[in-house]
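Architecture and fold: a report
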Amino acid sequence: MLTWESMTGRFAFPTQVRFGPGVLRTAASEAAALGKRALIVTDRGVRAAGIADEVVRELQRAGLEAAVFDGVEPNPTVGNVVEGLQAYQEAVADLIVAVGGGSPLDAAKGIRLLVNHEAPLERYDAAEGGRNVVHPLPPMIAVPTTAGTGSEVSRSAVIENPATGRKIILFAGNLIPSMAVCDPLLTLRMPAWLTAATGADALTHAIEAYVARGFHPVADAIALQGVRYGFRHLRTAVREPDDVEARSWMMLASMMGAIAFQKGLGACHSMAHAISAVHGLHHGTANALCLPAVVRYNGAGDAATAERLRDLGRAAGAPAGEDAGHWFHAELEALFSDIGMPADLAAAGIDAPDLARLVAGACADGCHPDNPRPMGAGEFEQLFREIA
């Protein structure tokens, strides 16, 4: 429980945000103040949907030149970043515009970092590595097409290193994009499964941030509001994909979750990072698999954490007279089931999980030290077995 002696902290807020349906058209003109030659960083799916070309047209209309790099994979890799850096150099670019979900946005941050910093990316891994991010970075505009990672307003990026089977977590204040252009209309083209998976990711950010160790009341307040929006609107966004109101609230929930997790995350993200690295599962789906088990585990901890889970239940809409903590756990499982998230690894197509590698990956991950209950190899193995 917090006491006045522990009420010290350092707070920071993220970047300039342009938000609203149709804002892409009006915001593109502001890019001219940041650069003249843009590299669009995206993936092939976003480009095939026509969204990347739409951004190119808006930039050209504003007087900028634009080249496109669409080689980002669903779990971005070190190789994607290196190839993107080469594209940036060949285009003689002075601005990066990332278009897509968390993968292109995270890859763009890696490219941006290596423009003026020496490789390899491992030098900048986690909080300690962030101290090595010392040189100015080229400006970056983030244009999210999903409502999940909130990478458009976060200081972090996750890049996979296939050579080691681990995720590199970049974390530094100057990785926050120079501007975020959050146009909910761009999310209307998301398929239902991706709406569900990215929405689960947004909720996981807010939930883990709220119960994370440390003192950050501003992040806590934002996390609770993000949870409120997610529980109210995620089902509708999945079931009624053309509902612009639901899409707008989910884009806000995504952004707020990412703002909140500057406080920290927890064991769920460490498990999800390991699952994605070892078995290639979408990050949001992996979070949805792990979160109920982690919430249950954390709820059995100290009284302060149990009270925080009750706070989350009240924010999510627990009826008066219910035990809000127990209701929250049950409703979280029901929500994920309703939007089609798998309940276990087998349902996600992983019949023989590599438990040893999963446990090792989770232990090595930088997120779980902020979990409200301590995590070690034994605890991770227990939780992985619960979701197998």
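This report concerns the structure included in the present document. (Residues numbered from 1 in each chain as written. Predicted model: local features only at pLDDT ≥ 70, side-chain atom pairs only at ≥ 80, totals over all residues. Heavy atoms only, no water.)

1. Things to note about the packing of helix H8 (residues 217-239) against helix H12 (residues 303-316)
The criterion, for reference: Only C-alpha atoms enter the line fits that serve as axes; for helices the fit covers just the stretch in contact. Angles between N-to-C directions range over 0 to 180 degrees. Comment: elements are numbered from the N terminus, with helices defined as DSSP H or I runs of at least four residues and strands as E runs of at least two. Here the angle decides the label: under 35 degrees means roughly parallel, over 145 means roughly antiparallel, 65 to 115 means roughly perpendicular, and every other value means oblique. Two helices cross in a left-handed way if the nearer one is turned anticlockwise from the farther one by less than a right angle. They cross in a right-handed way if the turn is clockwise. Pairs of residues are marked as contacts when any of their non-hydrogen atoms sit within 4.5 Å. Each residue is assigned to one of three groups, with Ala, Val, Leu, Ile, Met, Phe, Trp, Tyr, Cys and Pro labelled nonpolar, Asp, Glu, Lys and Arg labelled charged, and all others, Gly among them, labelled polar.
Direction vectors running N to C along H8 and H12 enclose 45°, while the axes themselves pass 8 Å from each other. The orientation of H8 with respect to H12, classified from their angle, is oblique. Between H8 and H12 the crossing geometry is right-handed. For the pair formed by H8 and H12, the contact residues are Asp 220, Leu 224, Val 227, Arg 228 and Phe 231 on the first element and Arg 308, Asp 311, Leu 312, Ala 315 and Ala 316 on the second. Of the residues assigned to the contact of H8 with H12, the class counts are 6 nonpolar, no polar and 4 charged.

2. Considering the packing of H8 against helix H13 (residues 324-338)
Packing of H8 against H13 leaves a shortest axis separation of 10 Å and a crossing angle of 15°. Here H8 is positioned roughly parallel relative to H13, judged by the angle of their axes. In the crossing of H8 with H13, the sense of the turn from one axis to the other is left-handed. In this structure, H8 uses Phe 231, Leu 234, Arg 235 and Arg 239 to contact H13, whose residues at the interface are Phe 328, Glu 331, Leu 332, Ala 334, Leu 335 and Asp 338.

3. Here's the deal with the sheet that holds strand E5 (residues 140-144)
In plain terms, the rule: Between any two strands, at least two bridges found by DSSP are needed for them to pair.
The strand order E1-E8-E5-E4-E2-E3 describes an open sheet built from 6 strands, whose pairing is parallel. With one partner strand each, in any of the chains shown, strand E1 (16-19) and strand E3 (65-69) form the two edges of the open sheet. Adjacent strand axes in the sheet meet at a mean angle of 20°, parallel and antiparallel pairs treated alike. Here strand E4 (residues 95-100) pairs with E5 via 5 bridges, running parallel. Looking across to E5, one finds that Ile 96 is bridged to Met 140. Where helix H9 (residues 244-260) meets the sheet, it contacts E1, E5 and strand E8 (179-182), and its direction lies at approximately 170° from that of E1.

4. Focus on the nonpolar core
Soluble globular proteins tend to bury their nonpolar side chains together. As a reminder of what qualifies: Definition of nonpolar core: a set of buried residues of the types Ala, Val, Leu, Ile, Met, Phe, Trp, Tyr and Cys, connected through side-chain atoms within 4.5 Å. Under the scheme applied here, a residue whose accessible area is under 20% of the maximum for its type counts as buried, over 50% as exposed, and between as partly exposed, the area being computed with a 1.4 Å probe on protein chains only.
If you look at the biggest cluster of nonpolar residues, it comprises 77 residues, and the most contacted ones within it are Ile 207, Ile 275, Leu 312, Phe 336 and Phe 384. Setting aside residues no more than four positions away along its own chain, Leu 312 makes contact with Ile 207, Tyr 210, Val 211, Leu 224, Val 227 and Phe 328. Val 133, Leu 137, Met 140 and Ala 142 belong to the second-largest nonpolar core, a separate cluster that totals 29 residues.

5. What to know about the pairing of strand E6 (residues 156-161)
Burial within E6 is extensive, with 6 of its 6 residues counted as buried. Of the two faces of E6, the one holding Ser 156, Val 158 and Glu 160 and the one holding Ala 157, Ile 159 and Asn 161 are both buried throughout. Bridging between E6 and strand E7 (residues 166-171) involves 6 bridges; their strand directions are antiparallel. From the neighbouring strand, Glu 160 faces E7, where its bridge partner is Lys 167.

6. Here's the deal with H9
Selection criterion: Take the number of residues in a helix, subtract one, and multiply by 1.5 Å to get its expected span.
Over its 17 residues, H9 runs 24 Å from end to end, which matches the ideal 24 Å to within 8%, given 1.5 Å per residue. Of all 17 residues in H9, 14 are buried, a share of seventy percent or more.

7. Overview of the state of the cysteines
The condition is simple: Cysteine sulfurs are considered disulfide-paired once they come within 2.5 Å of each other.
Here the structure, examined in full by the defined rule, presents 0 disulfides. No disulfide involves Cys 268; its nearest neighbouring cysteine sulfur is the one of Cys 290, lying 5.1 Å away. Free of any disulfide, Cys 367 has its nearest neighbouring cysteine sulfur in Cys 268, separated by 9.6 Å.

8. Considering the pairing of E8
Neither face of E8 is open: one carries Met 179 and Val 181, the other Ala 180 and Cys 182, and all of them are buried. Note: E5 against E8, 2 bridges, orientation parallel. When the sheet's bridge partners are listed, Ala 142 is paired in E8 with Ala 180.

9. Describing the packing of aromatic side chains
What counts, and what does not: Two rings from Phe, Tyr or Trp (for Trp, the six-membered ring) form a pair when their centres are within 6.5 Å of each other. A pair whose planes differ by under 30 degrees is stacked, one over 60 is edge-to-face, and the rest are tilted. Two limits define a charge over a ring: the Lys NZ or Arg CZ must be within 6 Å of the ring centre, and within 35 degrees of the ring normal.
The final tally for this structure, using the stated rule, is 2 aromatic pairs. On the basis of an interplanar angle of 45° and a centroid distance of 4.6 Å, the ring pair of Tyr 229 and Trp 249 is categorised as tilted. Taken as a pair, Tyr 229 in helix H8 and Trp 249 in helix H9 lie far apart in primary sequence, 20 residues in all. When its relative accessible area of 14% is taken as the criterion, Tyr 229 is described as buried. An angle of 40° between the planes, with centres 5.7 Å apart, marks the rings of Phe 231 and Phe 328 as tilted. Of this pair, Phe 231 sits in helix H8 while Phe 328 is found in helix H13, placing the two residues 97 residues apart along the sequence. By the burial criterion, Phe 231 is buried, and Phe 328 matches it. One residue, Arg 373, lies across the ring of Tyr 297, its end atom 4.0 Å from the ring centre.

10. Looking at the pattern of salt bridges
To keep things clear, this is the line we draw: Whenever a carboxyl oxygen of Asp or Glu lies within 4 Å of a side-chain nitrogen of Lys or Arg, that contact is scored as a salt bridge.
Under the counting rule described, the total for this entry stands at 17 salt bridges. Put simply, Asp 220 and Lys 263 hold a salt bridge, and the shortest N to O gap is 2.7 Å. Of the two residues, Asp 220 sits in helix H8 while Lys 263 sits in the loop between H9 and helix H10 (267-279), which places them 43 residues apart along the sequence. Put simply, Glu 381 and Arg 385 hold a salt bridge, and the shortest N to O gap is 2.9 Å. With Glu 381 and Arg 385 both in helix H15 (residues 377-386) and 4 residues apart, this pair spans about one turn of that helix. On the accessibility criterion, Glu 381 (33% relative accessible area) is partly exposed. Each member of the salt-bridge network shares a partner with another, and the members are Glu 307, Arg 310, Asp 311 and Arg 314.

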